[in-house]
Amino acid sequence: MTTTTGVAAATGAVGSAHTRVEGRDKVTGAARYSGEVPFAGLTHGWLVLSTVARGRIRSVEAGPVLTMPGVLTVLHHGNAPRVDTDYVGMLGRPNPIVGLFQHDRVPFTGWPVALVVAETSEQAREAAEALVVQYDEEPHDVAFHSGRSDAYTPQDTPMVRAETEKGDLEAQLGSSAVVVDAEYTTPEEHHNPLEPHAATARWDGGRLDVIDSNQGSSWVAGELAQLFSLDPASVRVRSEHVGGAFGSKGLSPHQVAAVMATTVLRRPVRVVLTRRQMFSLIGYRSPTAQRIRLGADADGRLRAFDHQAHSLTSSVHEFVESSAVLGRVMYDADAHHTLHRIVRLDVPTPTWMRAPGEAPGSFALESALDELAEKCGIDPIALRVRNEPETGPVSGLPFSSRNLLACFEEGARRFGWADRDPRPGLRREGRWLLGTGTAAATYPSGVGPSTAAVTAEADGTFTVRINAADIGTGARTAMVLVAADALEVGPDRVRVRIADSDLGPAMIAGGSMGTRSWAWAVTLAAKELRERLSLGGGIPPEGITARSNTAEAIGALTEQERHSFGAQFAEVAVDVDTGEVRVRRLLGIYAAGTIVNPLTARSQFIGGMTWGLSMALHEEAIRDLASGGHVGADLAGYHFASHADVPLIEADWVEDPVPGDPVGIKGIGEIGIVGVAAAIANAVWHATGVRHRELPIRPDRVLRAADEARRRAAGGARSA
């Protein structure tokens, strides 16, 4: 069927399951990642990292290394190109860590001190391991805990508001019938995407050309242009295929090192990070210590809400793990207070990691809500229903849509929550104690300005050009479906080009803002093109192109609380003899606006929930106080959930229309992890009667907590 414009009628592509358009290339190996693209004359760089946690470089003994086979150069603070580290990038302030080899200071173990470049990767690595670097070592401090006297409140930034408050907190706590006052801790956690970080840089016809694995080619190109004082038009960054990112793939030292080396050698230079190097160079999730104080009436209505979150940052660049933001959206109270505090240590700078802030914050807050429900004798879901706000608890703004209760209603029905006996420690199968738990989830639904171009080709197909980044989420496929609907053609007639800074500025793949931002730009361009085609006339050989820029439309949006919401449910079994916790079932129900592609959306939700399981039971990076470095900085020492640890995971969603929204899409990449650790911890309490406020819930901690509970019970019995 066709319309009078000669363009096929709408196909309803958005909302239909569609396999990834690049899927065949990926499974056959035709898709090339940044570390695989061939170049003539390619050379290889290998970073040398500091072995001390604080001090100065006394000498870099490059002479012997330069005589080794294949070695071309050794860059370090004494000979590296100078760069401008005072520029203001996407973070709103300079990031000193990318000012590579500019001074002799060492601020943490794993700081880059040199780059060895050779003809082959093997030669570069051998030479890098042979390079001798002498240091003047200084005392260091890497110990994080909540009671540190040097913790401070950071200044507000566009990304993080340090503190919010209303009402008389202490008075409301004092007059509350029920009070929860507890500290919850989460450890240092690390991204380890399937594809390691890699970049290849070369000069091509007077332009800097970088093949990179990143979350936004425009972002990286802009940062490199400012860092190296280049005309932005002379920098091109491409990132066609990315094997995972999770917040870690922005501008990091390896890209800077590759650009420095190609500038010196005038040959293509590739730098690929090892797993061990990734533990110190690409950021991580800061450990947190969070104090939650809740005061409520006997019926569970909140009167006082206090969430104070402590995290760490480095001595070179400030980053705040914004764990206290969750309550600013989820729960209101007569007195409401949230606060972030940080401490500077001799450690690498943390960064965004899937659901930054919300992931650790939800463990603390949703565990505390479960404790409050227990003290009030109220069902945990009923407690949340009782405290459902009508507007933003801190902002007072209306919600664009808030269907959290629909998520709990549907989740409770599918999980069989009504049959749950609320008393802990009653269900048993042999040596396994069984329990169930739940938690709420939310994550902001933001949007960023983007440009797009859509071309009607002479052969009847359409080409979409937008500088999106597909970091494994299925962004290419989503844009095909969005464009097909906007053009009113079948998806098979749409081709998409992405991940090239020459395509123009677009939102990064981060903060669950990518699909919403790109879809808006693609829709506007496609609709304009359709209107032009409706005027009739033939299509010339070069095609007809329409372009869009959403900056003005986004600037005109009314202020609202825009968020995705969800309800997490978990069933666990706890071995009373070994302390092992096995998750038997996870269910997540979400309200996330329009679901563009159910196939890849469900995959995103399940991926996040799997990570939440891993966070609850496995993930924990240990820092050695003596050396300042990690114990087991590899995938043998850093544990995470394997296939055998992952049970049946179900993810689904409820209808969530967003009135007045031009696209109706919300983010889904982050919310899957939010609340999962709390749901599992709450289920462990329900199974054992013992509350775990420290992650991960390791077998030794389960056994120790059970022993302590038995001793307390025995002591109480004797005193009675």
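1. Side note on the overall build of the protein chain
The helix and strand tally for the protein chain stands at 17 helices and 26 strands. Rg of the C-alpha trace for the protein chain: 27 Å, near the compact-globule value of 27 Å for 720 residues, within the 12% margin. Projected onto its principal axes, the C-alpha coordinates of the protein chain cover approximately 85 × 75 × 50 Å. Looking at the protein chain as a whole, 59% of its 720 residues qualify as buried. Taking all contacts inside the protein chain whose residues are at least 6 apart in sequence as the whole, residues at least 24 apart take part in 82%. Put simply, the protein chain shows about 27200 Å² of open surface, and 51% of that area lies on carbon and sulfur atoms. Separation of charge centres in the protein chain, based on 70 positive and 86 negative side chains, amounts to 2 Å.

2. Let's talk about unusual backbone geometry
Across the junction of L695 and P696, the peptide omega takes the value -5°, indicating a cis bond. In this structure, P696 sits in the loop between α16 (676-688) and α17 (699-719). Phi angles above zero are rare outside glycine, and A355 is one such case at about 60°. Looking at the element boundaries, A355 is found in the loop between β15 (335-345) and α9 (358-376). Of note in this structure, S512 is not a glycine but carries a positive phi near 55°. With a relative accessible area of 12%, S512 lands in the buried category.

3. Things to note about the packing of aromatic side chains
Applying the stated rule across the entire model yields twelve aromatic pairs. An angle of 80° between the planes, with centres 5.4 Å apart, marks the rings of F108 and W111 as edge-to-face. Overall, the relative accessible area of 4% leaves W111 in the buried class. Ring geometry for F246 and W611: centres 4.8 Å apart, planes at 85°, overall edge-to-face. On the criterion of sequence distance, the pair formed by F246 in the loop between β11 (235-238) and α6 (253-265) and W611 in helix α15 (residues 598-617) is long-range, its members being 365 residues apart. By relative accessible area, W611 is classed as buried at 11%. One aromatic cluster is present, built from ring pairs that chain together F408, F415, W417 and F569. A cation sits over an aromatic face here: R402 above F399, 4.8 Å from the ring centre.

Quick notes on the rules
Residues numbered from 1 in each chain as written. Predicted model: local features only at pLDDT ≥ 70, side-chain atom pairs only at ≥ 80, totals over all residues. Heavy atoms only, no water. Helix = DSSP H or I, 4+ residues; strand = E, 2+ residues; numbered from the N terminus. Rg over C-alpha atoms; globule rule 2.2 N^0.38 Å. Buried < 20%, exposed > 50% of the residue type's maximum accessible area, 1.4 Å probe, protein only. Contact = heavy atoms within 4.5 Å. Areas by Shrake-Rupley, 256 points an atom, 1.4 Å probe, with all protein chains shown as cover. Lys, Arg positive; Asp, Glu negative; His and termini not counted. Charge placed at Lys NZ, Arg CZ, Asp CG, Glu CD. Phe/Tyr/Trp six-rings, centres within 6.5 Å; stacked < 30°, edge-to-face > 60°. Lys NZ or Arg CZ within 6 Å of the ring centre and 35° of its normal.

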